[in-house]
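Architecture at a glance
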Amino acid sequence: KKYFPIRKGIIGQRKSVVKAVDGVSFTINKGETLGLVGESGCGKSTTGRLLMRLLEPTEGQIIFEGNDLLKLSKVEMRSMRKNFQMVFQDPYASLNPRMKIKEIINEPLVIHGYDKEKREKRVRELLDIVGLSAAHGERYPHEFSGGQRQRIGIARALAISPKLIIADEPVSALDVSIQSQILNLLKDLQKEFNLTYLFISHNLSVVEHISDRVGVMYLGKIVEIADQENLYKNPLHPYTKSLLSAVPIPDPKVKRERIILKGDIPNPTNPPEGCTFHTRCPFASEICKETPPTLRKVSDKQYVSCHLV
């Protein structure tokens, strides 16, 4: 869980909290890609930052290979950080404009104690791996296109050979043609280095292309999680169905029944009682308004949080 306090008044006493992540629980298996989707503001990016410990959770556990990250000291956490890295949504904002590219990629190697000769060789290797040349290392971030900057961000994330990469909407700021290049690069790198991804996005077509399993978030909670094939062919939660109905079909002759939700997303400082989706759900019943559903197993590869399934 992650609750952000809202402070008001002259002395800043706490009045309420924003429940950005409210009881999210999932497992990522080694070597797989778990996609995390949902509307803007549902808590996807906050979840990714919590796993990186860029934010401290209000409550809960983060277990990585048997270690609870929240119980580690600063020194132990720094050593553990070699195992997981993040690729940010805006590649330009995540790169220091005053540093050359080779310095940006070199920085994590310096922090983790690599010697100078190994660092220089590793920087050249990484630039080559992501489709750039050694000469690009002498330039600054503003001299590159958006797709090239995202490649630099990926190279920096790979610098210390992590096991898990959290990709927070890594292609949303890029042109469609560049998106496919970056997605294919991520898939190739996963095969080559046996990487594990948490891929955060609001683009369901992108998530379908890259993910093995998909989790759907709504207002700080996971409402459905399933393998990619089951989720796209047989969505169970009404919210998942409405999201998938909005995905365009690349055939003008084929029409899909559009499910348009009524109303707006509720205020996260005061979420509805019971199921948080019941205010917009076309199938809501009395139990939905009174009792919060739990995420339960409905088949070997599909879990859903809904009273009606």
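Keep in mind the model is a prediction, meaning the values are calculated, not measured. (Residues numbered from 1 in each chain as written. Predicted model: local features only at pLDDT ≥ 70, side-chain atom pairs only at ≥ 80, totals over all residues. Heavy atoms only, no water.)

1. What to know about the packing of aromatic side chains
The condition that has to hold: Ring pairs are drawn from Phe, Tyr and Trp, using the six-membered ring of Trp, whenever the two centres fall within 6.5 Å, and their geometry is named by plane angle: stacked under 30 degrees, edge-to-face over 60, tilted for the rest. Each helix corresponds to a stretch of at least 4 residues labelled H or I by DSSP, and each strand to a stretch of at least 2 residues labelled E; elements are numbered beginning at the N terminus. Categorising residues by exposure relies on relative accessible area from a 1.4 Å probe, with only protein chains included: less than 20% of the type maximum marks a residue as buried, more than 50% marks it as exposed, and the intermediate range marks it as partly exposed. Cation placement over rings: the criterion is NZ of Lys or CZ of Arg within 6 Å of the ring centroid and within 35° of the ring normal.
Scanning the model with the defined rule gives 4 aromatic pairs in all. The interplanar angle of 85° and the centroid separation of 5.1 Å between the aromatic rings of Tyr218 and Phe277 together place this pair among those described as edge-to-face. Placement of the pair is Tyr218 in strand S9 (residues 213–218) and Phe277 in the loop between helix H9 (238–245) and helix H10 (286–290), with a sequence separation of 59 residues. In terms of burial, Tyr218 and Phe277 fall into one category: buried. Stacked on the ring of Phe4, the Lys or Arg Lys2 has its end atom at 5.2 Å from the ring centre.

2. Digging into unusual backbone geometry
Although it is not a glycine, Glu65 adopts a positive phi angle of roughly 50°. Tracing the backbone through its elements, the reader meets Glu65 in the loop between strand S4 (63–64) and strand S5 (67–68). Under the relative-accessibility criterion, Glu65 is labelled exposed at 52%.

3. Quick look at the sheet that holds strand S8 (residues 196–200)
Rule in force here: Strand pairing is assigned whenever DSSP identifies at least 2 bridges connecting the two strands. To get an axis, a line is fitted to the C-alpha atoms, and for a helix only the part in contact is used. The angle between two axes follows their N-to-C directions and goes from 0 to 180 degrees. Should any heavy atoms of two residues lie within 4.5 Å, those residues are counted as being in contact.
The strand order S6-S7-S8-S3-S9-S10-S12-S11 describes an open sheet built from 8 strands, whose pairing is mixed. Two strands in the sheet have a free side with no partner beyond their single neighbour: strand S6 (84–87) and strand S11 (296–299). Along the sheet, successive strands turn relative to each other by an average axial angle of 20°, direction set aside. Alignment of strand S3 (residues 33–37) against S8, held across 4 bridges, turns out to be parallel. Bridge assignment links Leu34 to a residue of S8, and that residue is Leu198. Against the sheet, helix H1 (residues 44–51) makes contact with S3, S6, strand S7 (164–168), S8 and S9, and its axis sits at roughly 150° relative to S8, the strand it touches most. The strands that H9 touches are S9 and strand S10 (221–227); relative to S9, the one it contacts most, it runs at about 105°.

4. Some remarks on the pairing of S8
Applicable threshold: A right-handed crossover is one whose linking path, passing over the helix from the first strand to the second, runs clockwise when the strands point away from the viewer.
Of all 5 residues that make up S8, 5 are buried, and the element is covered over most of its length. The alternating pattern of S8 places Thr196, Leu198 and Ile200 and Tyr197 and Phe199 on opposite faces, both of which are buried. Between S7 and its parallel partner S8, the chain crosses via helix H6 (residues 176–193), and the hand of that crossover is right-handed.

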